[in-house]
Structure formats: structure tokens, C-alpha cells
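Working through the structure, step by step
The primary structure of each chain is shown beneath.
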Amino acid sequence: MTNWNLYSRGDKFFAIVVSVLIGMFTVATLYPFIYIAAVSFSSGFAAQAGKVVLTPIDMTVEAYKYILVDPEFWISYRNTFIYTIGGTAVSMLFIIPAAYALSRPQLMGRRFFNLFIAFTMWFNAGLIPFYLNMRDLNLLDSMFGIILAFAINAFNIILLRNFFEAIPQSFEEAARMDGANDFQVLWKVFIPLSKPAIATITLFCIVARWNGFFWAMVLLQSQEKIPLQVFLRHTIAKLSDDDEFAITQLDAAYSAETVTAAIIVCSIIPVLLVYPWIQKYFEKGILLGGVKE
Amino acid sequence: MSSVTLSDVEKYYGPLRVVHGINLEIESQEFVVLVGPSGCGKSTTLRMIAGLEEISAGTVAVDEKVMNRVAPKDRDVAMVFQNYALYPHLKVFENIAFGLRIRKEPKEHIDKTVREVSEILGLTPYLDRRPAELSGGQRQRVAMGRAIVRHPKVFLFDEPLSNLDAQLRTQMRAEIKRLHKRLGVTSVYVTHDQVEAMTLADRIVVMNDGNIEQVGTPMELFTNPANQFVAGFIGSPPMNQFEGTVSANADGLFASVGNASIALPEVNNVQHGQAVIVGIRPEHISIHPVDGLPSIPIALDLVEPLGSEALLHASIDNQPLIIKAETHGDIEHLNSVSELYAPTDLIKVFDKDTGAVINSHPTGRIAS
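Cut-off values and rules
- Residues numbered from 1 in each chain as written.
- Chains lettered and ligands numbered in written order.
- Predicted model: local features only at pLDDT ≥ 70, side-chain atom pairs only at ≥ 80, totals over all residues.
- Pairing = 2+ DSSP bridges.
- Helix = DSSP H or I, 4+ residues; strand = E, 2+ residues; numbered from the N terminus.
- Axes fitted to C-alpha atoms, helices over the stretch in contact; angles between N-to-C directions.
- Core = buried A, V, L, I, M, F, W, Y, C linked by C-beta atoms within 7 Å.
- Buried ≥ 20, exposed ≤ 12 C-beta atoms within 10 Å, placed from the backbone.
- Domains from an automatic or database assignment.
- Contact = placed C-beta atoms within 7 Å.
- Expected span 1.5 Å × (residues − 1).
- Arc of directions from axis to C-beta.
- Parallel < 35°, antiparallel > 145°, perpendicular 65-115°, else oblique.
- Left-handed = near helix turned anticlockwise from the far one by under 90°.
- Nonpolar A, V, L, I, M, F, W, Y, C, P; charged D, E, K, R; others polar.

**Points about the sheet that holds strand E12 (residues 252–257) of chain B**
Neighbouring strands of a sheet are bound in pairs by backbone hydrogen bonds; such pairs are parallel or else antiparallel. Residue and element names in this part refer to chain B. Read across the open sheet, the 5 strands follow the order E13-E12-E11-E14-E20; overall the sheet is antiparallel. The sheet is open, and its two edges are formed by strand E13 (260–263) and strand E20 (348–351), each paired on a single side. Neighbour-to-neighbour, the strand axes of this sheet turn through a mean angle of 45 degrees, independent of strand direction. Two elements, strand E11 (residues 240–249) and strand E14 (residues 275–280), share 6 bridges in a ladder whose sense is antiparallel. Residue pairing in the sheet places asparagine 240 in a bridge with isoleucine 280 of E14.

Have a look at this one:
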């Protein structure tokens, strides 16, 4: 129990303000999830009429039935998994060695390379040149193209580089004395010591890939290659344009809103399942006890 | 077993020269301690032997094979780091086995060797623990285990005890000495602690400002310091040093320090009126009259009891000095000390300009 007698009035006021702000932030973060879940389980009519606030109205799973029997939903779901797993794996394959190399003081031209990488964070060619570039590389409408084009992220490289730089140099030196080469130093020492940072960056990559929408929409034309987010957009467009759907919506068990919400819920579930697994790495560092500072 | 030879070794960081062309021959099985103040280049020298620093000029050879262009992993040297550098994600067993696994030694051999080394270092009960679950002394032992397990030609120690508390340091010091006796591996040990240097070394290398000031056995350095720096660095407390002027009379040479007159040993190459530095160790000074020695008046400032001995902080002509005196279980009698007697044959005379010793001390006698 907190003994409030030990705190000054200023401290108490600060604690109250912080608690209120955190409470507001929690509600603002959590409410959209609850709302979307509630809509997805509500009837199309209730959702259309704006009756859903916190809990499902006229509870039904019709929206889920609608999407789960659609083979395109499952294809896009599979594609999203491919883009997420493949993309994250390829990203980490590039990011980790790049961050390690850039963190080593002995790298020739290190300053230039760091500047070069950081430069891409602030400046890029823009939409049209990027599109033309992808076209000229024959990477339009290509699943591999989507994975490769966004494999390297300067921010993540810099984040991991900073983490690597903070690892005491004596670890690397000890490993070298023990006979390790650069790859072994990275693989056997730096990566295990950087699990929290790597977990964070992995999660960034997973979330970015999972939610990737814009470039997938621009670069992919084939229906069998689109990810879930683009399928979601197609579905919204289709349902909105569907006259029959519009006519029956007053007594419909599902509507554009509920189906959209159901797809969103389905798309959130895998991220929610992955997060707790990565969460443990965020909680504490691993360097404790290895070196005496 | 292996020798280590440093020939005209220099180290530059940009335009800054931190090691000034040092030469050193370390014999097989020898335990050599590099000692000196912070920034004197001792750790840099050790790291050049390890291959962790490039050698700007000169050569480092192990068993007469020049190592300048050989990677650390191929030098067959092992190093114990000041901050342990244990891999925190690995258990003690894996920490010790790391180098063997990297070298793809057979599993049975790794298991056998790690267990042998753990036995030697008393680490067997801790093999399943992670570094964070060990005490400072145990971690240091693991760090040594990691070095020993590969049976290297040379051990390098970079201030391995400086993070331990005083009691543990004394204990670990003895363990390192025992280990060296048992394994007989050529060892180079860096420290800024002259007590560590004195107790561990077969030979001590005193470094200052990137240069070697003197190389010798601990007792050689103690009794025959080559210059003021070594005299002031070796010994605890260090040698007292006073500025004085040489004068001579029928009884011999004297140094005038203010109103006091200190009898000097026979020195050929000093002149009447020459300014010199007179050095005398705290433990060589007597506070009781000694036949044939003139008394030297002092102003006593402070008495620090250490148990069987006490340190008397005093001054001669406003130049500070420390006397180490026996207490015989009581320090009251020390509070009234007003004069001292300096045995002539234990006095060192240094050139005031160069700091070099003028009289060497062939016998190395120490006052009883």
C-alpha cells in the first residue's frame, strides 16, 4: 500500500494528474477495440442505426459467417501471413547485420554510412519515382517485390545500432580472444544480448507488415496476391456499392459496418496473440551481471 | 611454454603517442606485472600483446613469432578483463566452454576440460548458474576459468581485481599466484596497485607516460629504484623525498634540508652546493637514537595507528614526510616524537634535474 502521508501536496497532485492522464489514454486506446468487437457481433441494422456503443446489440455472428465462407478472405489472410512472416524475416536478415556493422568503431567510412542510412529517413524519392522504380525492376504485382521493397527500414537499423553500441566492448573483445569471428560475435554474443531490442524491432516489422495497406494496394493488382488490408478495402467498396445489400440492410443480420468490423477483429487476433510472447523481452534487459561497471 | 618479446613498440592514437617505443623481454613461465598510474600506457601495451589494439610501430612476438598481423584468436593468448566480460545469457559452464565450442572441440573434451578447470577454481557447484547469480569473486574466477580452459601460451590480466573489495582482492591475489605456480603459464598482469605488483610479480615493469621507467624484481625496485618516479610509486607508503643541498665536512657528505642536516651515503658524483633530492623510505626511518647518526628535527602533524604499526605524518622544513613506526600496542609515546634518525646507507640520492638515482644500492639491505 502506498503511504500517502510520506508525499507532499505537490507529489499527490502530480500523482492524481498522471493517473487521470493514463486513465484517459487507456480509454482512448482500448475503446476502439471494444467498439469494433461490439459492432462485429451486432446486427447489421443496429450497427447501421448507430446503436452500438460498448456491447453488441442484437448479438449475432452473421458478419463472421459472411466473411469466413469467402475464399478470397482466406487467400488474403494467407497472403498477409506470407508478407508478415517473410517480410519480417527478410527485414531482420538485413537490419541486424547492418546495425552490427554500423555499430562497430572499426568500420571504415562508418560516419558516411550512418549518415547515408539516416538520410533515407528524412528524404525519399516519393510515390511516382518509387512506383516507376518498382515497375522497371519488374516487381509490380509481385509478392517477392512487396517483401523486398520494404525490407530495410533506416529507423529500425538506427535503433538496433544504438543498442549494439551500448553493449560493452569487452564482450566483443572477450569473444574475439575466445576465437570468435565477426559472425560468431554477432550470432553468439550480440544477438542474445539484444533480445529486447530485437523483439521490439521484430514487433515493429510485424505490425507494419500486418497493417501494410497503401503500397500493397498500389503495387498489387492480382486478387490472389492482395493482403487482408486491401481485401478489407475491396469488401467495404463492394458492400457499399451492392444495391441488393443496401435494400435489405434495414432488417439485415449483417451490414457493411459489421462485416468490416468482423474482418478487422480477425486481422487483429494474430497480432494480439504475438504481442504477449514478445512482451516479456520488453520488461527487463539481459545485460545484468555480465560486466562489472 | 612461451616467451613474449616487445621490440620498440609504439602506439599512436592519431597524432597522440601513448606508448613510446618500449622494449621488454618476458621469459617463459614468468609472471610480469606492468604497473603505473592511469594513462601510463600499461593497458594499451597489454592490449597490443592481445591483438585488441593495432601496433603503430615495433613488433610484439610470442615465442619469437611476430604477432603484429596475427588476429587475436590466432595468437593463442587468453585475457581476463577488468569488468569480467562474462556472457550474461550463458551459464557458468557455457561461459567457460565458449572458446572451446567456437573452436569446435569434441563435446566430451569440452565437458572434461570445463569440469577440470571448474574443480581447480572451486566453481563446480556454480556451473548451472548465470553470471548475475554469482558474487564478484566467483565471477572473476569464471573469467579466469574461461582463460585457463584453452591452455593458452600466455595469460593476460587487465586489472582483474580492481572491482573487488579489499578482502576479496587479497584472497583472489593469492589464488592467482597459486594458479600461476600450478599452471606455469607465462603471464602479463596490468595493475595500478603496487601492492598487487609486489606480491604477484616475478618481475615488475614500472611504466610512466608511455615509457618504461624500470624493470626488475619487486625487491630490486624497492631497494634500488632507478629514479624518483619508481621510488615514489613502489612502496606503501611511498619513499619520502626532500629537496636539499649537498655539503661536506670531515664526517662526510650531508644534505641541508632547511635547518636540518641529513647524512648522505658516499656518493662520488655530487658536488658541494649541488641541489639533490634525498629519498628515504618510511620504514627505514628510526625514531630512536642510532649511534653515529645525527638527529633530524621534525614537526609532527598526525599519528595514524594501523595496529602493530603507525604512520607518523610530519615535516622537515615544511616538506612532508611519513614515518612508519612500531606501536608496541600503544601510540601515546608516538605523539611526542620530535626527531628522527635516517640510516645513511639506506638513503637514496636523486639528481634534482633528471630524477635519476645517483647512488645505487648493490646490497639491497633493508633496515631491520
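**Considering the nonpolar core**
By size, the foremost hydrophobic cluster in this structure holds 132 residues, and its most contacted members are B:Val33, B:Leu156, B:Val188 and B:Val205. Composition of this core by domain shows at least three residues from each of domain 1 (4–228) and domain 2 (238–351) of chain B. Apart from the residues within four sequence positions on either side, B:Val33 is in contact with B:Tyr189, B:Thr191, B:Ala197, B:Leu200, B:Ala201, B:Ile204 and B:Val205. Judged by nonpolar contacts, the second largest core, of 25 residues, contains A:Ala46, A:Ala216, A:Tyr254 and A:Ala261.

**Let's talk about helix H3 (residues 107–121) of chain B**
Residue and element names in this part refer to chain B. In this model H3 runs 21 Å from its N-terminal to its C-terminal C-alpha over 15 residues, within 8% of the 21 Å that 1.5 Å per residue would give. Taken together, the buried positions of H3 are occupied by Ile110, Val114, Val117, Ser118 and Leu121. Within H3, the buried residues cover an arc of 100 degrees as seen down the axis, which keeps them to one side. Of the exposed residues in H3, those oriented more than 90 degrees away from the buried face are Glu108, His109, Lys112 and Glu119. For H3, the secondary structure elements touched by its buried residues are helix H2 (92–102) and helix H4 (136–148).

**Brief notes about the packing of H3(B) against H4(B)**
All names here are of chain B. Packing of H3 against H4 leaves a shortest axis separation of 10 Å and a crossing angle of 135 degrees. It follows from the interaxial angle that H3 and H4 lie oblique. At the point where H3 passes H4, the crossing takes the right-handed sense. Two secondary-structure elements touch here, H3 through Val117, Ser118 and Leu121 and H4 through Arg141, Met144, Gly145 and Ile148. The class makeup of the residues in the contact of H3 with H4 is 4 nonpolar, 2 polar and 1 charged.

**A closer look at unusual backbone geometry**
Residues and elements named next belong to chain B. The omega torsion across serine 236 and proline 237 is -5 degrees, close enough to zero to call that bond cis. Take proline 237: it is sitting in the loop between helix H8 (228–233) and E11. Positive phi, close to 50 degrees, is recorded for histidine 151, a residue that is not glycine. Its place among the elements puts histidine 151 in the loop between H4 and strand E7 (154–158). Assessed through the 12 C-beta atoms surrounding it within 10 Å, histidine 151 is described here as exposed.

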